[in-house]
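Observations on chain architecture
For reference, the chains in residue letters:
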Amino acid sequence: MSLTIEWRRRIDNWRKELPSHFYLPLGTVQMSGFATTEHLSAEEAERGDFRPMPPGTRWGAKWEYGWFKGRCVLPEEARDQRIVLRVDVGGESLVLVNGEYAGARDRQHEEITLAVRGVPGASYDILVEAYAGHGPRVSRTVILPPGRESVPEPGPTQAVVGETTFGIWQEDVYQLAMDVETLVEVRDNIDPNSLRVAEIDQALRDFTVIVDFELPNEEMLETVRACRARLRPLLECVNGSTSPLLFAFGHAHIDVAWLWPLAQTERKAARTFATQLALMPEYPEHTFLQSEPHLYWMLQRGYPALYSRVKEAAQRGQLIADGGMWVEADTNISGGESLIRQFIHGKRFFREEFGVENEVLWLPDVFGYSGALPQIMRGCGIKYFSTAKIFWAYNGGDPFPYNTFTWEGIDGSEVLVHLCNDYNSRTNPASVIERWNQRVQKDGFATRLFPFGYGDGGGGPTRDHLEFLRRQVNLEGVPRTRMAAPIEYFRDQVARGVPEARYVGELYFQAHRGTYTSQARTKRGNRKSEIALREAEMWGAVAAALKGWAFPASDMEAAWRGVLLNQFHDIIPGSSIHRVYEEAEATYEVVIAAAKTVAAAAAQALTDGSAEALTVFNSLPWRREALVALPSGAGGATNLSGALLPSQRLADTTYVSVTVPPCGWTTLYPSDTVSRTTNQMRASTHLLENELLRLEFNTRGEITSIYDKEAQRELAAGVCNSLRMYRDVPTAWDAWDLDSMYPLTPVELPEDATAEVIANGPLMAAIQFTRPLHHSMMTQEVRMYRNSRRVDFHTRIDWQETHKLLKVNFPVDIHAHEAIHEIQFGHIRRPNHMSRPFDADRFEVSNHKWSALAEENRGFAVLNDCKYGLNVLDNSVNLTLLKSAAAPDMTADKGMQEFTYAIYPWNGSLADAGVIQAAYELNVPVMSATGAAGKRSCLVVDAPNIVIEAVKPAEDGSGDVIVRMYEAKRM
């Protein structure tokens, strides 16, 4: 008979009772301890000032750690019993037993095994490192009451010592619970009319008849063992020949920073590794993936003994060192060269430390995947890719159609992809069945990847995970499981035959669109650091090749690692706590200073050092005109031919217009002679004009006319440079999200600006506008240059908003059905309309240095020096400037913000336009060094569509020079 309601309730009651019989305490461990902000080794901690800390003792201020120690001795009752330790000192804890890392205590891992067969009289010295915390956990969304524009920072909180005990773990009861749970979940998830369910139901009814919890403990255990014997035949039933196969591996996703700082991540990594290493001897089939070399690098320095055990586990095949990148990096914002360096640093670490060559990119939790990624992966020796996040479209949207497919990038490069549905899976039968049934692609494959374990904050699998899997290797009614590394899954899939499914272009994530903008200072630091390192490496490589200059490779490697670390997918997207951004911005300061020092020293090595000359360096692969500041006191300058250069005095500095050769330099000679340059520019408080363009402004500093004098055509189709503010309160995930209805909640910005002409040619004309924006104040310099189509908007805003979004709009007279957006090593086209659901769902997208609307013979681009989010709707390009969330950083983006965006209208085709050059020139300024070096190009390309992205010394120290270039226009 099937289970009646009465029988089901009885079975469920017996199931609930079982866990209360797992653990029999034998005694308590009296703990003493101390708190510190220092990162101590176990040896250093042992010398600390310990004091008694009985249960109830409060300890630890914000960001502090506690060290605790105690001792236990096993009594006679422990003989031949499994003995476990339950640590509770008030926070996540790393536990050492008799000087060895024995495991960790976190929300999912409570017991640490002291002995599988206890010996009376055996003693155990316990040492615990625990984290006190940093205040109450911040909600993912904070909605402010009317009139409130800020949320107070949570104050320090103290941890409270609980009771630490040791006792008997009644393994037979635990194993019976695993048996029962397995069978219950099988019968609940297969055909209820099957013979299999009928036989399981009979066994479950027998379970409640056989097991008697009211007997004395030893007699109760006899009934438990008898019940296990009754259930065993049902756990030995196997599948038929068409059962799917899941390639399972343990996993603990560890966010390198998120709701905790980097210091806590290091401890989380140590706790996670200690826990997994403790499981491996008892479960030799257990394989555990940790994908981020940065975490191993942390462990190597902070916990060297634990790191040695990790390497031993890798050698015997239980630890999987694979994943490809240095950290699981964001791929929307990170630059192309940065993504290559993620692979270079990540693969090299795994090769040198573990002797493995990565072929898999593992990015389970990243917020979208650039269309340039397949090309970058293949160039770095990565053939396969897996993620899970793409399915997490919780606000709806167009469902992603595939699980296993070939992904084609913007240049035609291909990689094989498998999409999991989760990266923190459980392994109970219901979850295993669900993972197979969740596949969206029904044809062409019979296997799936199945990562399991607790994560985000680390931890990884528990004994429960591994016990369930032991029962489900080939259990009737459940997909087969096999412990294996991800690379084994992909090789097996290739051997079976790759499915015909193909996806072309970016893997757009239909959520977390606010991450293109949140934490603007960090995003600016990323862009400026990438550019500074580019300059340092180029001129360092040139100086080394031409002058024998000693390139500081170790300094540059350290600087790059700082940038790569901050590209982790919860740092650079802007979704971490405040302290994370304090540390990120400090890192960028160090990186930029180091890179500028190297670039300046290399440039100086290329000159003769004479005080009479100034050499100007251009790292871009085309000749460019640039304004160069002269030394104090100089009124003008001559070039190598003795010709006087056009000049302009701005404030106390004279600037000259210099033509610099591609990837090279030219020398000029400052003098007292002032040039007399014809001024063809005009500037007033409502007008800027040069040879090519005329801009008119209203009283808010907005543009009412963009007149192309060459084409004799008006480009503005409405008010341009229009700053728009909106209320921004996402339904969920405050810093992450931008909800589609934000345009319905505009914030009025009615105030006029004060205007002042600050430059009036002949090389540059500029107006400065000062204007209130709600609770904030903006100063913006609009700059136009001689004979140039680029107009810059250098902007400083004292931002004092919460839950507000700021955009700048440029509606123009261009008709197109797609917008063009620069991404890494190229560009991508996206619809600028909402004709289909997937079109409408891309209401906010990412770009790098430019986005444009183009007709066949003209176009209009908006450039930027550090902004990544925008939307293009119909004929309006709308760059997103600032987004001020309240969670998880309650002070996000408050204070001074500085950035530059620009417009660049052109005539002719995109292939002939100078938009790519203009965007690079906005981002990459020329550099000057004292001394003469003549005039030279070190590298020359003979096609305007080729961009040299990097020039650098080879990583192998051979002295070779790497030149990385790409085709930018699809010509």
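Before reading further, recall that the structure is shown in the block above.
The text that follows walks through the structure, step by step, so that each part is easy to find. Note that the structure is predicted; figures quoted are calculated from it, not measured. (Residues numbered from 1 in each chain as written. Predicted model: local features only at pLDDT ≥ 70, side-chain atom pairs only at ≥ 80, totals over all residues. Heavy atoms only, no water.)

Comments concerning the overall build of the protein
Counting its secondary structure elements, the protein contains 18 helices and 52 strands. Rg of the C-alpha trace for the protein: 32 Å, near the compact-globule value of 30 Å for 971 residues, within the 12% margin. Along the three orthogonal principal directions, the C-alpha set of the protein runs to about 105 × 65 × 60 Å. Every one of the 971 residues in the protein was classed for burial, and the buried ones make up 61%. Restricting to contacts in the protein with at least 6 residues of sequence separation, those with at least 24 account for 76%. Of the roughly 36,200 Å² that the protein leaves accessible, carbon and sulfur atoms contribute 49%. (Helix = DSSP H or I, 4+ residues; strand = E, 2+ residues; numbered from the N terminus. Rg over C-alpha atoms; globule rule 2.2 N^0.38 Å. Buried < 20%, exposed > 50% of the residue type's maximum accessible area, 1.4 Å probe, protein only. Contact = heavy atoms within 4.5 Å. Areas by Shrake-Rupley, 256 points an atom, 1.4 Å probe, with all protein chains shown as cover.)

Here we look at the state of the cysteines
This model, assessed by the stated rule, comprises zero disulfides. Here Cys663 is not disulfide-linked; the sulfur of Cys938 is the nearest cysteine sulfur, at 7.6 Å. (Disulfide = S-S within 2.5 Å.)

Side note on the packing of helix 3 (residues 171–188) against helix 12 (residues 463–471)
Relative orientation of the contacting elements helix 3 and helix 12 amounts to 60°, with a least axis distance of 10 Å. With respect to helix 12, the element helix 3 is oriented oblique. Here the hand of the crossing between helix 3 and helix 12 comes out right-handed. Residue-level inspection shows Glu171, Tyr174, Gln175, Met178, Asp179, Glu181 and Thr182 of helix 3 in contact with helix 12, the latter providing Arg463, Asp464, Glu467, Phe468 and Arg471. Among the residues forming the contact of helix 3 with helix 12, the class breakdown is three nonpolar, two polar and seven charged. (Axes fitted to C-alpha atoms, helices over the stretch in contact; angles between N-to-C directions. Parallel < 35°, antiparallel > 145°, perpendicular 65-115°, else oblique. Left-handed = near helix turned anticlockwise from the far one by under 90°. Nonpolar A, V, L, I, M, F, W, Y, C, P; charged D, E, K, R; others polar.)

Here we look at the sheet that holds strand 41 (residues 818–823)
What the nine strands build is an open sheet, ordered 36-37-38-39-48-45-44-41-42; its pairing is antiparallel. Unpaired on one side and paired on the other, strand 36 (754–760) and strand 42 (826–831) mark the two borders of the sheet. The mean angle between the axes of side-by-side strands here comes to 20°, regardless of whether they run parallel or antiparallel. When strand 45 (residues 858–864) meets strand 48 (residues 895–907), the two strands line up antiparallel, connected through seven bridges. In the sheet register, Ala861 faces strand 48, and the bridge partner there is Tyr904. Against the sheet, helix 14 (residues 520–547) engages strand 45 and strand 48, with an angle of about 60° to strand 48. Along the sheet face, helix 18 (residues 915–923) touches strand 39 (791–799), strand 41, strand 44 (850–854), strand 45 and strand 48 and points at about 15° away from the line of strand 45. (Pairing = 2+ DSSP bridges.)

So, the pairing of strand 12 (residues 165–169)
The buried count for strand 12 comes to five of five residues, which makes it a mostly enclosed element. As defined by bridge partners, strand 1 (residues 23–28) adjoins strand 12 across five bridges and the pair is classed as antiparallel. Bridging across to strand 12, Tyr23 finds its partner in Trp169. Two strands pair when backbone bridges link them, and strand 6 (residues 82–86) and strand 12 are joined in this way by five bridges, in the antiparallel orientation.

As for a nonpolar patch on the surface
The grouping of Val961, Val963 and Met965 at the surface amounts to a nonpolar patch, some 220 Å² of accessible area in total. Within the secondary structure, Val963 sits in strand 52 (residues 961–967). (Patch = residues over 30% accessible without salt bridge, like charges linked within 9 Å, V, L, I, M, F, W, Y side chains within 5 Å. Salt bridge = Lys/Arg side-chain N within 4 Å of Asp/Glu carboxyl O.)

Topic: the side chain of Thr515
Take Thr515: it is sitting in the loop between strand 22 (502–504) and helix 14. When near neighbours in sequence (up to four residues on either side) are disregarded, Thr515 contacts Ile333, Phe367, Lys523, Ile572, Pro573, Ala735 and Trp736.

Structural notes on the packing of helix 8 (residues 304–315) against helix 9 (residues 336–354)
Between two packed helices, the angle of one axis relative to the other and the distance separating the axes together describe the packing. Running from N to C, helix 8 and helix 9 cross one another at 85°; their axes reach a closest spacing of 11 Å. One finds that helix 8 runs roughly perpendicular with respect to helix 9. Of the residues in helix 9, those in contact with Tyr307, Val310, Lys311 and Ala314 of helix 8 are Phe349, Glu353 and Phe354.

Focus on the packing of aromatic side chains
Within the structure shown, the criterion is met by 49 aromatic pairs. Taken together through their ring pairs, the aromatic side chains of Phe273, Phe288, Tyr296, Trp297, Tyr307, Trp326, Phe349, Phe350 and Phe354 make up a single cluster. We note Arg10 situated over the ring of Trp14; from NZ or CZ to the ring centre the distance is 4.2 Å. A cation over a ring is seen here: Lys69 above Phe50, with NZ or CZ 4.4 Å from the ring centre. (Phe/Tyr/Trp six-rings, centres within 6.5 Å; stacked < 30°, edge-to-face > 60°. Lys NZ or Arg CZ within 6 Å of the ring centre and 35° of its normal.)

Section: the sheet that holds strand 33 (residues 713–714)
With antiparallel pairing, the five strands of this open sheet are ordered in space as 29-30-31-32-33. Of all strands in the sheet, those with a lone pairing partner are strand 29 (682–684) and strand 33, marking the two edges. Sheet topology places strand 31 (residues 693–697) next to strand 32 (residues 703–708); five bridges connect them, and they run antiparallel. Looking at the pairing, Phe697 lines up with Ile703 of strand 32.

Concerning unusual backbone geometry
Omega for the peptide link from Gly761 to Pro762 comes to 10°, which places this bond in the cis form. Along the polypeptide, Pro762 turns up in the loop between strand 36 and strand 37 (764–773). The omega angle of the peptide bond from Ala887 to Pro888 is 5°, so this bond is cis rather than trans. Turning to its location among the elements, Pro888 is positioned in the loop between strand 47 (876–883) and strand 48. At Gln712, a residue that is not glycine, the phi angle is positive and equals roughly 55°. Following the sequence through the fold, Gln712 ends up in the loop between strand 32 and strand 33. Unusually for a residue other than glycine, Phe825 sits at a positive phi of about 60°. Relative to the elements of secondary structure, Phe825 occurs in the loop between strand 41 and strand 42.

Observations regarding the nonpolar core
If you look at soluble globular proteins, the nonpolar side chains tend to sit buried side by side. Counting 194 residues, the largest nonpolar core has Tyr296, Trp407, Leu863 and Val915 as its most contacted members. With residues up to four places along the chain from it excluded, the contact list for Tyr296 reads Phe273, Gln290, Tyr307, Val310, Leu319, Ile320, Ala321, Phe349, Phe350 and Phe354. Tyr23, Val186, Trp436 and Phe468 belong to the second largest nonpolar core, which has 47 residues in total. (Core = buried A, V, L, I, M, F, W, Y, C linked by side-chain atoms within 4.5 Å.)

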